[in-house]
Protein chains: 4
Amino acid sequence: MKNSAILLVSCPDQKGLVASIADFLYSHNANILHADQHQDAELGLFLMRVEWDLSGFDLDIADFGAHFAPIAEKFSMQWRLALSSQRPKMAIFVSKYDHCLVDLLYRHKSGELACDIPLIISNHEDCRPLAEFYGIPYHCLEVTKDNKAEAEGAQWALLDEHGVDFIVLARYMQVLSAEFTARYPQRIINIHHSFLPAFLGAKPYHRAFERGVKLIGATSHYVTEILDDGPIIEQDVIRISHRDALEDLIQKGRDLEKVVLSRAVRWHVESRILLYANKTVIFD
Amino acid sequence: MKNSAILLVSCPDQKGLVASIADFLYSHNANILHADQHQDAELGLFLMRVEWDLSGFDLDIADFGAHFAPIAEKFSMQWRLALSSQRPKMAIFVSKYDHCLVDLLYRHKSGELACDIPLIISNHEDCRPLAEFYGIPYHCLEVTKDNKAEAEGAQWALLDEHGVDFIVLARYMQVLSAEFTARYPQRIINIHHSFLPAFLGAKPYHRAFERGVKLIGATSHYVTEILDDGPIIEQDVIRISHRDALEDLIQKGRDLEKVVLSRAVRWHVESRILLYANKTVIFD
Amino acid sequence: MKNSAILLVSCPDQKGLVASIADFLYSHNANILHADQHQDAELGLFLMRVEWDLSGFDLDIADFGAHFAPIAEKFSMQWRLALSSQRPKMAIFVSKYDHCLVDLLYRHKSGELACDIPLIISNHEDCRPLAEFYGIPYHCLEVTKDNKAEAEGAQWALLDEHGVDFIVLARYMQVLSAEFTARYPQRIINIHHSFLPAFLGAKPYHRAFERGVKLIGATSHYVTEILDDGPIIEQDVIRISHRDALEDLIQKGRDLEKVVLSRAVRWHVESRILLYANKTVIFD
Amino acid sequence: MKNSAILLVSCPDQKGLVASIADFLYSHNANILHADQHQDAELGLFLMRVEWDLSGFDLDIADFGAHFAPIAEKFSMQWRLALSSQRPKMAIFVSKYDHCLVDLLYRHKSGELACDIPLIISNHEDCRPLAEFYGIPYHCLEVTKDNKAEAEGAQWALLDEHGVDFIVLARYMQVLSAEFTARYPQRIINIHHSFLPAFLGAKPYHRAFERGVKLIGATSHYVTEILDDGPIIEQDVIRISHRDALEDLIQKGRDLEKVVLSRAVRWHVESRILLYANKTVIFD
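Keep in mind it's a predicted model, so treat the numbers as computed, not measured.

Procedures and definitions
- Residues numbered from 1 in each chain as written.
- Chains lettered and ligands numbered in written order.
- Predicted model: local features only at pLDDT ≥ 70, side-chain atom pairs only at ≥ 80, totals over all residues.
- Heavy atoms only, no water.
- Least-squares fit on C-alpha atoms with pLDDT ≥ 70 in both.
- Contact = heavy atoms within 4.5 Å.
- Pairing = 2+ DSSP bridges.
- Helix = DSSP H or I, 4+ residues; strand = E, 2+ residues; numbered from the N terminus.
- Axes fitted to C-alpha atoms, helices over the stretch in contact; angles between N-to-C directions.
- Domains from an automatic or database assignment.
- Buried area = accessible area lost by both parts, 1.4 Å probe.
- Salt bridge = Lys/Arg side-chain N within 4 Å of Asp/Glu carboxyl O.
- Nonpolar A, V, L, I, M, F, W, Y, C, P; charged D, E, K, R; others polar.
- Buried < 20%, exposed > 50% of the residue type's maximum accessible area, 1.4 Å probe, protein only.
- Arc of directions from axis to C-beta.
- Polar contact = N/O pair within 3.5 Å; in protein donor to acceptor, adjacent residues only side chain to side chain.
- Right-handed = clockwise from strand over helix to strand, strands pointing away.
- Phe/Tyr/Trp six-rings, centres within 6.5 Å; stacked < 30°, edge-to-face > 60°.
- Parallel < 35°, antiparallel > 145°, perpendicular 65-115°, else oblique.
- Left-handed = near helix turned anticlockwise from the far one by under 90°.

Undergrad: It is not clear to me how the relation of the copies chain B and chain A should be interpreted in this structure. Could you clarify?
TA: Relating the two copies of this chain is a rotation about some axis coupled with a shift parallel to it. By a simple turn and slide, chain B fits onto chain A: the slide is 0.0 Å along the axis, the RMSD is 0.0 Å, and the turn is 180°. Here the copies are linked by what is in effect a two-fold axis. Among all residues of chain B, the minimum C-alpha distance to the rotation axis is found for Ala198 of chain B, at 2.2 Å. Of the residues that chain B buries at the interface, 100% are likewise interface residues in chain A, meaning the two copies contact each other through the same surface.

The following block contains the structure:
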């Protein structure tokens, strides 16, 4: 199994950045597996992802921060370290539509998603058998207009208890409160069943059908306080025609949703996403 | 060269429709080349396109209407007849961006578009050499805030003089007046450089760039009084990434615009488009 | 639930075909839901699929053949009738890779595939828990070089016992004998993990990787005696880059295989496929 | 206008590579605009493209090699330097089909291709007016079975005279001799009208049509001695159906060919392509 470290850096662009980071890693005998960087010329921003093998690395990874601090300070870096040995903990929220859940659980079992799934939270019982088949604890918490704050409180307790790192809304049909989204900044991934920013909000397939579009889409994005407005992680589309009735759109859309959500989850799990200016950089 | 007739029909769906049309054509010895139909179950609508070879057809095509009238009346049909021998006359409107014009003129010359192009109208001189290379008369009419009505009047005179059947806005950067669009219902085709209904209106690439979408699109549509709201004829998208700057979006988008507009023009020329409920049916 | 009949016709193209079929259906008060036809001008072939609602149809569907025979004979038609009330029986063959099986079983359960699955046959035990979750009988028959004929005999007995109509090879890693394929002409659907005819045969992802292609594909096709040569039902591709290692190709390919196979199965189940000249016509 | 240098490096992968290159550039005050690298773990290969602004760079670029030599030697690098100020000279070869030529000339004129086109060579007169419109010298050299060696000799003389850096075969229908391809290793770009390695050789659209594929493709590649076997630069596909006759394939294919060839040319011009193991790495 891979035993690697991933460093994500963003900072104002300036000369000597790459040399400093590369020298630091080389001086500690790092064997770089992948490195990718991006400069936004307009915003003067530098973004980097570098992954190296920890075998042979001569620094105790627990002390990385202390040793890297001088470089980080010099260049005003925001940085984050991830270790392949520390699998992030993902909670899945789901309502009744189960296609995304089925897909995520199968991918997880088959090794495509290097994370743990300590629990699934739902406002319905429907998906429990599936969760049980995959051996994932399933918590059903009813959400109504009246008990929303209370229900979210119960959800938080569960998330805290299981040390959840990030949340995937796999067609979860409740809008999260601003308090909820604020608790998990850039750590809630949603799938919206349209090509955003077209058809924001409710019933996008119905509206796509009425508008007579020739392609339908799906968008995975980080959830922010504003509905369907967070940074887009991935999008894809599929062609439709007049032969497709509304239910055909919904069926074709399911295949899109699954793939588009699963890519976003994988990139998040593998620390391939950096954010700036309400956009994502995907280091694939 | 093909010598065929195309009948386009739309009417309330009911039993016996196909039998009546097929019998009528068979009774006059038509050799059907293509037939396609569509039923919208929800709206109870029947739409059909049928093309037949005129060699052997025993009806003088000039009398088609008189003979077909009883069937048309019985089923409350809206219908239209097109003949491959009567090439529609297309006017192209263009401003400074010439990529769509270049593309249309080349396709026309190479035989992809079975129409005539009696003239090109522009509000700039830039594209004149290109028009001259292809031997198409080029009319430059300046349009300003103050002379808009007057300029449109001059355009109408030219369009009337040349018996223009339909207009293609090949990145023409002036908004047509409501009077103009009313004169050419379902006969003006525009290319919008976004995946409508996302990024309606001005500067769609800029806004796509700012929003951080992962695909950009282009949409060809019939022009109605409401900006970018007419029936969509064709759409397509292309993948972009954080590596693409705004100018890369614009460049990639040009390739989309050309293809998406040319498909719409071809389908219009070949009488493959039927409209209902602000949507198009494309009989390809 | 829909109660409809589907008529599939292929015959030499000639005048009066559509009129005859439409008249016949109209004379028995058929309410046509969908009709699609195709003429191959080069081969002089006519192909048609027509679906009608059986409520109101004044012919006992069991007697359809007797009544339709004169028309069929007159035009030398090959024809087939399918009823939505008679769900075809599909057997799935699988080895160890389970992604296509997972996908088919989920689609079946969620109502996308209007067929019954009386059994799954495998040469390995691996997929049994999945079959049990979905409540489908699972038969494990070991296949070796020495017992192949015997094993196929046992498979036939199972298929006969369950009245299986068609077989889906969902990444079944054994080559079927010529006797086997001859028993199920145009009734065995395979998924090949390349864009056929590129990379016929074994290890297509490895060879795609070595060749340095920029897209990988998957192909569903009917199985004939010649390996990977049968009529293609559906194909799709996905973009790859130098950043993708062989295992990334395999992972990306899985998503393709699932979608491409499931489309083929659905079209087969819905009697949307006609064959001629080793090609398929898909009436979608 | 951009005044930048591009360094392309390939060598055995080893520790300290990035640090050495980054240090070297930083020590000479380079302002890095883009950097991208790729490691092939299996082959133990390191590939890099780095582009920097020459304003502020304190080394005379003419002396780059002398200064960079110690690093290059230490790591056994193969390297190449390109300057944005030195536009490569591209010769276009064309026969009668002109769609790729039209496309390349328009892109060149509109600034998409940062190269010069000193001449077009053809074995037919057909494209001369187009060349004249764009002001590019056009040389017509008839090629027959008998005069092939002689004709290639005349072509070489022209290429040498104009200092041509690379050749684009824009649907040039003559097979080049082994001597010819050997003279321009990795400097001849061809467009093949199929999804290679499917349908190698002649008449790929005809064979795709006969095989009944559901997508057709185009492939741009470097020309080697073996026909259609060189490193693939770019590929793309478009969906077709039974409704498409052979001539529709050819027409749809033209749009693919143009885009796929133009991307390859642009990447070559911008020094974005590195080769290894008969594959390309595209640093886009």
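Once you've had a look at it, read on.
Undergrad: Looking at this structure, I do not really get the sheet that holds strand 9 (residues 188-192) of chain A. What am I missing?
TA: Residue and element names in this part refer to chain A. Across the sheet, seven strands lie side by side as 7-6-5-8-9-10-11; this open sheet has mixed pairing. Across the chains shown, the open sheet's two edge strands, defined by having one partner strand only, are strand 7 (138-140) and strand 11 (232-239). Strand after strand, the sheet turns through a mean of 15° between neighbouring axes, direction not considered. Across three bridges, the pairing between strand 6 (residues 116-122) and strand 7 is parallel. Counterpart to Ser122 in the pairing with strand 7 is Cys140.

Undergrad: So what exactly am I meant to see when it comes to the domain arrangement of chain A here?
TA: Residue and element names in this part refer to chain A. Annotation of chain A at the domain level lists domain 1 (4-83) and domain 2 (89-282). Inter-centroid distance (C-alpha atoms) of domain 1 to domain 2 is 31 Å. Contact residues are listed per partner, giving 12 residues for domain 1 and eight residues for domain 2. Interface area, domain 1 with domain 2, both sides summed: about 800 Å², of which 63% is carbon and sulfur. Considering only the surface of domain 1 that becomes buried against domain 2, Leu8, Leu47 and Arg49 emerge as the three largest contributors, covering 48% of it. If you look at where domain 1 meets domain 2, you find zero salt bridges. If you list the elements that add at least two residues to the side of domain 1 that touches domain 2, you get strand 1 (4-12), strand 2 (31-40), strand 3 (45-53) and strand 4 (78-83). Looking at the side of domain 1 that touches domain 2 element by element, the count peaks at four residues for strand 3. Its residues assigned to classes, the side of domain 1 that touches domain 2 comprises eight nonpolar, one polar and three charged.

Undergrad: Looking at this model, I keep getting lost on helix 2 (residues 64-74) of chain B. Mind explaining?
TA: Residue pairs three or four apart in sequence face the same way in an α-helix, which turns once every 3.6 residues. Residues and elements named next belong to chain B. Considered for burial, the residues of helix 2 that qualify are Phe64, Phe68, Ile71 and Ala72. All buried residues of helix 2 fall inside an arc of 100° around its axis, so they share one side. Opposite the buried face of helix 2, at more than 90 degrees from it, the exposed residues are Ala66, Pro70, Glu73 and Lys74. The inward-facing, buried residues of helix 2 abut strand 1 (4-12), helix 1 (17-27), strand 3 (45-53) and strand 4 (78-83). Positioned one or two residues after helix 2, Ser76 has a phi angle of 55°, which is positive.

Undergrad: Help me out: how do you make sense of the interface of chain D and chain C in this one?
TA: A common way to state how big an interface is: give the accessible area lost once the parts meet. Taken together, the 36 residues of chain D in the interface contact 36 residues of chain C. For the pairing of chain D and chain C, the buried interface totals around 3,000 Å² over both sides, and the portion due to carbon and sulfur atoms is 52%. Among the residues chain D hides against chain C, the three largest losses belong to Arg211, Lys214 and His242 of chain D. Together they make up 25% of the total. At the boundary of chain D and chain C, one finds six salt bridges. Notably, a salt bridge pairs Asp36 of chain D with Arg243 of chain C, separated by 3.4 Å at the nearest N-O pair. Across the chain D-chain C interface, the total number found is 20 residue pairs in polar contact (both at pLDDT 80 or more). Going through the elements one at a time, strand 2 (31-40), helix 7 (204-211), strand 11 (232-239) and strand 13 (279-282) of chain D are the ones with two or more residues in the side of chain D that touches chain C. Top element by residues in the side of chain D that touches chain C is strand 11 of chain D. It accounts for seven residues. Classifying every residue of the side of chain D that touches chain C by side-chain character gives 15 nonpolar, seven polar and 14 charged.

Undergrad: Help me out: how do you make sense of the interface of chain B and chain A in this one?
TA: Of the residues lining the interface, 36 residues belong to chain B; the matching set on chain A comes to 36 residues. Carbon and sulfur atoms make up 52% of the area that chain B and chain A hide from each other, which totals about 2,900 Å². Where chain B touches chain A, the interface holds six salt bridges. One can count 20 residue pairs in polar contact (both at pLDDT 80 or more) joining chain B with chain A. When contributions to the side of chain B that touches chain A are tallied by element, the ones reaching two or more residues are strand 2 (31-40), helix 7 (204-211), strand 11 (232-239) and strand 13 (279-282) of chain B. With seven residues, strand 11 of chain B is the single largest residue contributor to the side of chain B that touches chain A. When the residues that make up the side of chain B that touches chain A are grouped by side-chain class, the tally is 15 nonpolar, seven polar and 14 charged.

Undergrad: Explain the pairing of strand 6 of chain A here, please?
TA: As a general feature of sheets, a regular strand has side chains that alternate between the two faces. Residues and elements named next belong to chain A. In terms of residue burial, strand 6 counts as a mostly covered element, since six of its seven residues are buried. Taken together, the five bridges between strand 5 (residues 89-94) and strand 6 define a ladder with parallel strand orientation. By the bridge assignment, Phe93 is partnered in strand 6 with Ile121. Assessed by its sense of winding, the connection that carries the chain from strand 5 through helix 3 (residues 99-109) to strand 6 is right-handed. Once you follow strand 6 into helix 4 (residues 128-133) and on to strand 7, the crossover reads as right-handed.

Undergrad: How should I be thinking about the sheet that holds strand 1 of chain B in this particular structure?
TA: Sheet strands line up and pair through hydrogen bonds in the backbone, either parallel or antiparallel. Residues and elements named next belong to chain B. Pairing in this open sheet of four strands is antiparallel, and the strands run 2-3-1-4 from one edge to the other. The open sheet has two edge strands with one neighbour each: strand 2 and strand 4. Neighbour to neighbour, the strand axes of the sheet diverge by 10° on average, direction disregarded. In terms of strand pairing, strand 2 meets strand 3 through nine bridges, oriented antiparallel. Bridging from a neighbouring strand, Gln37 pairs with Met48 of strand 3. Along the sheet, helix 1 makes contact with strand 1, strand 2 and strand 3, crossing strand 3 at roughly 15°.

Undergrad: So what exactly am I meant to see when it comes to the side chain of Arg266 of chain D here?
TA: Considering the arrangement of structural elements, one finds Arg266 of chain D in helix 8 (residues 246-269). When sequence neighbours within four positions are dropped, the list of residues in contact with Arg266 of chain D reads Gln251 of chain B together with Glu112 and Leu113 of chain D.

Undergrad: Explanation requested: the packing of aromatic side chains in the structure shown.
TA: Remark: the centre distance and the inter-plane angle together describe each pair of aromatic rings, the angle taken between the planes. All names here are of chain A. Per the stated rule, a full pass over the model turns up 52 aromatic pairs over all chains. Note on Phe93 and Tyr172: the rings are 5.1 Å apart at their centroids and 85° apart in plane angle, and the pair reads as edge-to-face. Residue Phe93 is located in strand 5, and its partner Tyr172 is located in the loop between strand 8 (166-169) and helix 6 (178-183); the two are separated by 79 residues in the primary sequence. Here Phe93 and Tyr172 have matching classes, each one buried.

Undergrad: When you look at the packing of helix 7 of chain D against helix 8 of chain D in this model, what are you seeing that I'm missing?
TA: How two helices sit against one another is set out by the angle between their axes and by the gap between those axes. Residues and elements named next belong to chain D. Axis separation between helix 7 and helix 8 bottoms out at 10 Å; the angle between their running directions is 125°. With respect to each other, helix 7 and helix 8 are oriented oblique. You can see that helix 7 and helix 8 cross each other, and the crossing is right-handed. Counting all contacts with helix 7, which are made through Tyr205, His206, Ala208 and Phe209, the residues of helix 8 involved are Leu246, Leu249, Ile250, Gly253, Arg254 and Glu257. When grouped by side-chain class, the residues that make up the contact of helix 7 with helix 8 number six nonpolar, two polar and two charged.

Undergrad: I tried to follow the pattern of salt bridges on my own but got confused; where do I start?
TA: A side chain with one charge may pair with a side chain of the opposite charge, provided their charged atoms come close. Residues and elements named next belong to chain B. Under the counting rule described, the total for this entry stands at 84 salt bridges over all chains. Note that Glu234 is salt-bridged to Arg263, the shortest N-O span being 2.6 Å. Taken together, the residues span a long stretch of sequence, with Glu234 in strand 11 and Arg263 in helix 8 (residues 246-269) at a distance of 29 residues. As far as burial versus exposure is concerned, Glu234 and Arg263 are alike and both buried.

Undergrad: Just checking my understanding: could you explain the pairing of strand 12 (residues 273-276) of chain D for this structure?
TA: Residue and element names in this part refer to chain D. One ladder, built from four bridges, connects strand 12 with strand 13; its direction is antiparallel. Across the sheet, Leu275 pairs through a bridge with Thr280, a residue of strand 13. Counting the residues that bridge the hairpin from strand 12 to strand 13 gives two residues, and of these Ala277 lies at a positive phi of roughly 55°.

Undergrad: Explain the environment of Phe93 of chain C here, please?
TA: Residues and elements named next belong to chain C. Residue classification places Phe93 among the buried residues on the basis of a relative accessible area of 0%. Distance in space between the C-alpha atoms of Phe93 and Leu249 is 24 Å, their sequence separation being 156 residues. The residues contacting Phe93, other than those within four sequence positions of it, are Ile121, Gln155, Leu159, Ile167, Val168, Leu169, Ala170, Tyr172 and Phe180.

Undergrad: What am I meant to see in unusual backbone geometry here?
TA: Peptide bonds are trans in most cases, and residues, glycine excluded, mostly fall at negative phi. Backbone torsion omega between Leu196 of chain B and Pro197 of chain B reads 10°, so that peptide bond is classified as cis. Relative to the helices and strands, Pro197 of chain B is located in the loop between strand 9 (188-192) and helix 7. Backbone geometry places Asn29 of chain C, a non-glycine residue, at a positive phi of 65°. In this structure, Asn29 of chain C sits in the loop between helix 1 (17-27) and strand 2 (31-40).

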